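Residue-level structure breakdown
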Amino acid sequence: MTLENYKFHKEHTWVKLSGRSKKVKVGITDYAQESLGDIIYIELPEVDTHIEAGTEMAEIESTKTSSPVIAPVNGTVVEVNEELIDHPEIINEDPYGKGWIAVIEMHNPQELEELMDYEEYESYLEEER
């Protein structure tokens, strides 16, 4: 899987760009799901909720811990991945694909420039470890 259309936030969330749309998919990184362990529940954000970058947009519970999902961009939630309600383990199985959490319509696409690309994120992880 190629991650060139993805941008990463230091709180281990990602944004997937699709063309010139202001709508982006958001999820947690492979590193985050691995750190959490087996995910057993997710509290999804509400559709039409305004979210601020750097604040909690969802909550994930695993067999190890409970962890907030930090929004990587400002915007409005326009869709959530309802499949995760009954099958939160999809995040463990496919964090960059079927395990997406929400679609956000960004208020300011310029914010994407503040996020890391995959190589920058990998370097960031090395420093974190």
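A short tour of the structure in this document, coming up.

Rules behind the numbers
Residues numbered from 1 in each chain as written. Predicted model: local features only at pLDDT ≥ 70, side-chain atom pairs only at ≥ 80, totals over all residues. Heavy atoms only, no water. Helix = DSSP H or I, 4+ residues; strand = E, 2+ residues; numbered from the N terminus. Buried < 20%, exposed > 50% of the residue type's maximum accessible area, 1.4 Å probe, protein only. Areas by Shrake-Rupley, 256 points an atom, 1.4 Å probe, with all protein chains shown as cover. Lys, Arg positive; Asp, Glu negative; His and termini not counted. Charge placed at Lys NZ, Arg CZ, Asp CG, Glu CD. Core = buried A, V, L, I, M, F, W, Y, C linked by side-chain atoms within 4.5 Å. Pairing = 2+ DSSP bridges. Contact = heavy atoms within 4.5 Å. Axes fitted to C-alpha atoms, helices over the stretch in contact; angles between N-to-C directions. Arc of directions from axis to C-beta. Polar contact = N/O pair within 3.5 Å; in protein donor to acceptor, adjacent residues only side chain to side chain.

A few points about the overall build of the protein chain
The secondary structure content of the protein chain amounts to four helices and nine strands. Reading the secondary structure of the protein chain in the N-to-C direction produces β-β-β-α-β-β-β-β-β-α-α-β-α. Dimensions of the protein chain along its principal axes, counting C-alpha atoms only, are 35 × 35 × 25 Å. Here the protein chain holds 129 residues, and 44% of them are scored as buried. Total accessible area computed for the protein chain in this model is approximately 7200 Å², and 42% of it derives from carbon and sulfur atoms. For the protein chain, the separation between the mean place of its 10 positive charges and that of its 30 negative charges on side chains is 7 Å.

Quick word on the nonpolar core
The biggest cluster of nonpolar side chains holds 27 residues, and the ones touching the most others in it are Ile28, Met57, Ile60, Val73, Ile91 and Ile101. Within the second largest apolar cluster, 11 residues are counted, among which are Tyr6, Phe8, Trp14 and Tyr96.

Side note on the pairing of strand S7 (residues 66-70)
Sheet analysis places strand S6 (residues 56-62) next to S7, joined by five bridges and oriented antiparallel. The residue bridging Ile60 from the neighbouring strand is Ser67, located in S7. Hairpin remark: S6 followed by S7, antiparallel, with three residues in the connecting loop.

Considering the side chain of Thr29
Positionally, Thr29 belongs in the loop between strand S3 (23-28) and helix H1 (30-36). Look at Thr29 and you get buried, because its relative accessible area is 0%. Residue contacts for Thr29: discarding those within four places in its chain leaves Phe8, His12, Thr13, Trp14, Pro95, Tyr96 and Tyr121.

Focus: the sheet that holds S6
Taken in spatial order, the three strands line up as S4-S6-S7 in an open sheet, and their pairing is antiparallel. Only two strands of the sheet have a single neighbouring strand rather than two, namely strand S4 (39-43) and S7. Strand-to-strand twist of the sheet, defined as the mean angle between neighbouring strand axes without regard to direction, takes the value 25°. Direction of pairing for S4 relative to S6: antiparallel, over a ladder of four bridges. By the bridge assignment for S6, Ile39 is matched with Ser62.

With respect to helix H4 (residues 118-128)
Three or more residues of H4 are buried, namely Tyr121, Tyr124 and Leu125. All buried residues of H4 fall inside an arc of 100° around its axis, so they share one side. The exposed residues of H4 that point more than 90 degrees off its buried face are Glu119, Glu126 and Glu127. Looking at the packing, one finds that the buried side of H4 touches strand S1 (6-9) and H1. Sitting at the amino-terminal end of H4 is Asp117, which places a side-chain oxygen 3.2 Å from the backbone nitrogen of Glu119.

Some points on the sheet that holds strand S5 (residues 50-51)
Taken together, six strands build an open sheet; the order of strands is S1-S2-S3-S9-S8-S5 and the sheet is antiparallel. The sheet is open, and its two borders are formed by S1 and S5, each paired with just one other strand.

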